[in-house]
Amino acid sequence: MAVEAIMSTYNRLSVAFERGEGSWLYDTDGNKYLDALCGIAVCGLGHSHPAVTHAICDQASNVIHTSNLYTIPNQQQLAERLTQISGMDNVFFGNSGAEANEAAIKLARRYGHAVKKVENPTIIVMENSFHGRTMATLSATGNRSAQAGFEPLVSGFVRAPYDDVDAIKAIAENNPNVVAILVEPIQGESGIQIPAPDYLNKLRDICDENEWLLMLDEVQSGNGRSGKYFAYQHNDILPDVVTTAKGLGNGVPIGACLARGTAAKILIAGTHGSTYGGNPLSCAAALAVVNTIMDENLCERATELGNKIVAGFEEQIGHADYVKEIRNKGLLIAIELTEAGTELAVLSKVKGILLNVTGGGKVVRMLPPLT
Ligand SMILES: *Cc1c(COP(=O)(O)O)cnc(C)c1O
């Protein structure tokens, strides 16, 4: 049997798209699909958004890449815009969500050694979390199937159930090596799991009491999707570190690790880096994205659209015996089924809608564009 030229790390559906416009994608046979997935929460402004397209073309015709050995004016501008919006002090730019989280994990370890004087700095991570596919981020991820076969895992993580404050308090009493908590404000890959409204406030208090860093993974929930630019802004708190990626570049790879206070002083020259990270092309795209989200009030629009879509689902299928729960925070939308429904991704494609089934095959996940 011939070996495929692409490693089979993904089970792909047999459809290829050649054009996108707004919420619509067109396949190579000319069929039209309503895109309720956005390339997995990436194309928050929809496809071929003119502001992003213009920014990319303009930047590409001037200069695409220079390296971080030189000043990059639009990287500076993007950092200033993101820190203004988030209440954080500074930013490290990488190229993906995993890289943003790698930066956060490295930051926490250096904080542990330099500030907490701990020999084996340990980070609390959650069950059913997802933080990426690099060795450190898959070790932080709370999903055995993502880790199986890749041992030895990176050490220095201790796991707690999600949305369980008492479990964190118990760790605080028993583990003097803890220096940080890494948590998603809303768990995406495990099926849009939304914690108690004051969960992050309580985690903030525990982190303050113990001088731990509160590190929020907003790779999926950030960039307007939850109804605020960052999901923690629903809670009126500030984390010490926040990571984001997916929706930041609308498809141009970029990731960001933002830090505040003491955490903002940890990663200094020589401690971390990236050749591509924050290059002129990706920053031009991300600046266009951030400005569009803010100028066009797309955070509010995410709340309006999300609630409208969910009200429609409730009316049409809310009482169906195969539906366990319909839930959302902005445009992070889930229909939890009573039984696995993995085939729905294929069936909906036939009907012309793109969505995704996650959370052990029981959660239909929709992440439509904010527009
Ligand atoms: C997708 C995702 C990641 C990983 O991002 P990549 O760009 O695929 O590396 C990390 N954390 C969360 C919460 C995600 O949803």
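As annotated in an unreviewed UniProt entry, the chain carries the name Acetylornithine aminotransferase and comes from Neptuniibacter caesariensis. We quote the UniProt Subunit (unreviewed entry) comment for the chain here in full: "Homodimer." What UniProt states about the chain under its Pathway (unreviewed entry) heading is, verbatim, "Amino-acid biosynthesis; L-arginine biosynthesis; N(2)-acetyl-L-ornithine from L-glutamate: step 4/4."

Trainee: What is the right way to read the domain arrangement of the chain from this model?
Mentor: A common way to state how big an interface is: give the accessible area lost once the parts meet. Domain annotation for the chain reports domain 1 (17-48 + 298-366) and domain 2 (53-295). Centre-to-centre, using C-alpha coordinates, domain 1 lies 25 Å away from domain 2. For the domain 1 face of the interface with domain 2, the top three residues by lost area are C299, K329 and L332, together amounting to 29%. In this assembly, domain 1 and domain 2 are joined by 1 salt bridge. Of the charged contacts, one joins R365 and E189 as a salt bridge, the two residues approaching to 2.8 Å between their closest N and O atoms. The interface formed by domain 1 and domain 2 includes 12 residue pairs in polar contact (both at pLDDT 80 or more). Only α1 (38-41), α10 (298-317), β11 (323-329), β12 (332-337) and β15 (363-366) provide two or more residues apiece to the side of domain 1 that touches domain 2. With 5 residues, the top contributor of residues to the side of domain 1 that touches domain 2 is α10.

Trainee: Help me understand the UniProt feature "modified residue: N6-(pyridoxal phosphate)lysine" (unreviewed entry) in the chain, please; the structure alone is not making it clear to me.
Mentor: Residues given the UniProt feature "modified residue: N6-(pyridoxal phosphate)lysine" (unreviewed entry) here are K246. Positionally, K246 belongs in the loop between β9 (241-244) and β10 (255-259). Excluding residues that lie within four positions of it along the chain, K246 makes contacts with I40, A41, V42, E189, V219 and Q220.

Trainee: Please explain the sheet that holds strand β2 (residues 24-27) as it appears in this structure.
Mentor: Backbone hydrogen bonds hold the strands of a sheet together, and the pairing may be parallel or antiparallel. Spatial strand order, β1-β2-β3-β13: 4 strands in an open sheet with mixed pairing. One side of each edge strand has no neighbouring strand; the edge strands of this open sheet are β1 (17-21) and β13 (353-354). Where strand β3 (residues 32-35) meets β13, 2 bridges bridge the pair, whose relative direction is parallel. Its bridge partner lying in β13, L34 is registered against I353.

What counts and how
Residues numbered from 1 in each chain as written. Predicted model: local features only at pLDDT ≥ 70, side-chain atom pairs only at ≥ 80, totals over all residues. Heavy atoms only, no water. UniProt positions renumbered as here; feature names shortened; annotations may be inferred. Domains from an automatic or database assignment. Buried area = accessible area lost by both parts, 1.4 Å probe. Salt bridge = Lys/Arg side-chain N within 4 Å of Asp/Glu carboxyl O. Polar contact = N/O pair within 3.5 Å; in protein donor to acceptor, adjacent residues only side chain to side chain. Helix = DSSP H or I, 4+ residues; strand = E, 2+ residues; numbered from the N terminus. Contact = heavy atoms within 4.5 Å. Pairing = 2+ DSSP bridges.

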